[in-house]
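Analysis of the macromolecular model
Now for the letters of each chain:
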Amino acid sequence: IPVDSFDLVIFGGTGDLARRKILPGLFRRFRSGQMPEDARIIGAARAEMDDEGYRQLIADAVEEFGGEEKADAEGLKQFLGRLHYVPIDAKGDGGWPELAALMRDGVIRAFYFSVGPSLFGDLAERLHTHSIADEQSRIVVEKPFGRDLASAQQLNADLAAHFGEHQIYRIDHYLGKETVQNLMAVRFGNVLFEPLWNSHYVDHIQITVAETVGVGGRGSYYDQSGAMRDMVQNHLMQLLCLIAMEPPAQYDADRVRDEKLKVIRALQPLQPHQVVRGQYDAAGGDPSYRDDVENPRSHTESFIALKTHIANWRWAGVPFYLRTGKRLKARTSEIAVVFKDLGHTIFEGDTARHRNILAIRLQPNEGMDLQVTIKEPGPGGMRLVDVPLDMTFADALGPDQEQVPDAYERLIMDVIRGNQTLFMRGDEVEAAWAWTDPIIAGWEARHDVPKTYDPDTQGPEDAMMLMHRDGRRWREIR
Ligand code: NAD
């Protein structure tokens, strides 16, 4: 279904994110027919170039980062015809009158801030003073949204000076993933799960986001940030909210976000013994974290595992274990809802230690599997075995799977449609920082040193112990 016509300005339109994700994604939406004929995309960045130069830059980006759509030369030519470019200085006045002159009336105006957060306030202000943004306009802002509560409050205030909350779309691309929305469909679209979704039946929940890559070229940024700020405060927190929130009265932006906010506010303060920080070591000629960030004394964590509780009626006593890290054994992200043991078994020789586990995979192979107990096939008597009921979306969707948009594509189309459900509200972001700030301040105050761990593993030994102490274990990263 095509969206209404738009002029989408991408500040930072020549940057890595724009070339890697945003423009290739928009090309896929263009090919699917979702972009109206006259919709336009306007790159705006510091580099001096004209429309033709920008089209070439994006053609190269599609070639480098695109999927099979790049074979569609005719489609690409038409898409490139929708692109324009304006050299602009976010901190000065250069380029703004030209941008103002280019914007059309009567279409949606959206502005993607694909630049560092230090420019958010400047961009918001200049969009206003040059009368480029109107009441219907939307702005999209990238992570990181601050580095602590105070800076997030300042960013919110800078944006709020010129835009209403209903106009601000804070991106967390995890929310754009197919599985994440499916999590809500599974919870609230089936009679099977919601009655069990509480402390009576759930033993614990674990959320893992594991990467195999190190910090790569982002070392100087990452070393100022670390896994808590870069991953937990935003992505893992958002997943935690969706898994734990109360059913919203309706699937609409503010009702969903109200419920997520209540989860964050109910999180118990983290205690130091509930958190394990790690840093990857050198191995097999590959550099260590400290080599990668060129800071031999860095105390920043590239891995974190933590245990937390949600202090409300539904989740009383149910631990939530979260972990994320770089240079781990495999690239995998999943949420696992681990149900309680059976309690009593009627089958002779059986231990009653059968567990249902609902695993929601974000990558690879987006999908879900539900571990159920069945009779072991064959003549061996009533012996029980745990097997997964697997639903990989790509299989379920069959040949239509190419139609499934990736996170960025979906979120940008939501911006044009004016749907904020999958975007973080200002108060959510602030509440998440309010939860992470004290623990980070504690590490900084006592110069807490992360444990080292070998690359290609499950992370530091202490992270295993965090669960073992409770008689539980992490699902293997593989
Ligand atoms: P980048 O350094 O590759 O690109 C920055 C862009 O901003 C360039 O187009 C540059 O011309 C423009 N720019 C810088 N200063 C400017 C100024 N004064 N006026 C006008 N334009 C200016 O950065 P990136 O990797 O594309 O990241 C952009 C934002 O997205 C950052 O906030 C980053 O944290 C965030 N982000 C990036 C990724 C990624 O994969 N690259 C992922 C998530 C979030």
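Values in this document were obtained by computation on a predicted structure and should not be read as measured data. (Residues numbered from 1 in each chain as written. Predicted model: local features only at pLDDT ≥ 70, side-chain atom pairs only at ≥ 80, totals over all residues. Heavy atoms only, no water.)

At 3.6 residues per turn, the α-helix brings residues three or four places apart onto the same side. Counted at 1.5 Å a residue, the expected span for helix α10 (residues 253–266) with its 14 residues is 20 Å, and the 20 Å between its end C-alpha atoms agrees. Within the span of α10, buried status applies to Ala253, Val256, Arg257, Glu259, Lys260, Leu261, Val263, Ile264 and Ala266. Buried residues along α10 sit in contact with α9 (227–244), β9 (303–309) and α14 (426–445). (Helix = DSSP H or I, 4+ residues; strand = E, 2+ residues; numbered from the N terminus. Expected span 1.5 Å × (residues − 1). Buried < 20%, exposed > 50% of the residue type's maximum accessible area, 1.4 Å probe, protein only. Contact = heavy atoms within 4.5 Å.)

Once that is clear, we can look at the domain arrangement of the protein chain. Under the domain assignment used here, the protein chain contains domain 1 (6–142) and domain 2 (175–406 + 424–468). Computed from C-alpha coordinates alone, the two centres of domain 1 and domain 2 are separated by 34 Å. (Domains from an automatic or database assignment.)

In the vicinity of the ligand, 19 residues are found, and the nearest of them are Thr14, Asp16, Leu17, Ala90 and Val115. With respect to the ligand, the backbone of leucine 17 contributes an N or O atom lying 2.8 Å from an oxygen atom. Here an oxygen atom of the ligand sits 2.9 Å away from a polar atom, N or O, in the main chain of valine 115. Protein burial of the ligand: of its 830 Å² of free accessible surface, 72% is covered by the chains. Of the residues contributing to the shell around the ligand, the split by class is eight nonpolar, six polar and five charged. (Near = heavy atom within 4 Å. Polar contact = N/O pair within 3.5 Å; in protein donor to acceptor, adjacent residues only side chain to side chain. Areas by Shrake-Rupley, 256 points an atom, 1.4 Å probe, with all protein chains shown as cover. Nonpolar A, V, L, I, M, F, W, Y, C, P; charged D, E, K, R; others polar.)

Counted by the stated rule, this structure contains 15 aromatic pairs. Taking the centre distance of 6.0 Å and the plane angle of 50° together, the rings of phenylalanine 113 and phenylalanine 120 count as tilted. Considering the side-chain rings of tryptophan 315 and phenylalanine 320, the 5.3 Å spacing of their centres and the 85° angle between planes classify their relative orientation as edge-to-face. Classification of tryptophan 315 by relative accessible area gives buried; the value is 0%. Exposure remark for phenylalanine 320: the relative accessible area of 1% places this residue in the buried category. (Phe/Tyr/Trp six-rings, centres within 6.5 Å; stacked < 30°, edge-to-face > 60°.)

Turning next to the sheet that holds strand β2 (residues 40–45). Ordered by their spatial adjacency, six strands build an open sheet running β3-β2-β1-β4-β5-β6, and the pairing between neighbours is parallel. Each having just a single partner strand, β3 (83–87) and β6 (168–170) make up the two edges of the open sheet. Within this sheet the neighbouring strands show an average axis-to-axis angle of 20°, counted without direction. Across five bridges, the pairing between strand β1 (residues 6–11) and β2 is parallel. Residue pairing across strands places phenylalanine 11 opposite alanine 44, the latter belonging to β2. Along the sheet, helix α1 (residues 16–31) contacts β1, β2, β3 and β4 (108–113); its crossing angle with β1, the most-contacted strand, is approximately 165°. In this fold helix α2 (residues 51–65) packs onto β2 and β3, with an angle of close to 115° to the strand it touches most, β3. (Pairing = 2+ DSSP bridges. Axes fitted to C-alpha atoms, helices over the stretch in contact; angles between N-to-C directions.)

Each pocket or cavity is described by its volume, and for the second largest pocket that value is around 780 Å³. As for the second largest pocket, its lining consists of 31 residues, and the residues nearest its centre are Glu334, Ile357, Arg475, Glu476 and Arg478. For the lining of the second largest pocket, a count of residues per class yields six nonpolar, ten polar and 15 charged. (1 Å grid on protein atoms, 1.4 Å probe; cavity = no way out; pocket = protein on both sides within 12 Å on 5 of 7 lines; lining within 4 Å. Points joined across faces, edges and corners; volume = space filled by probe spheres on them.)

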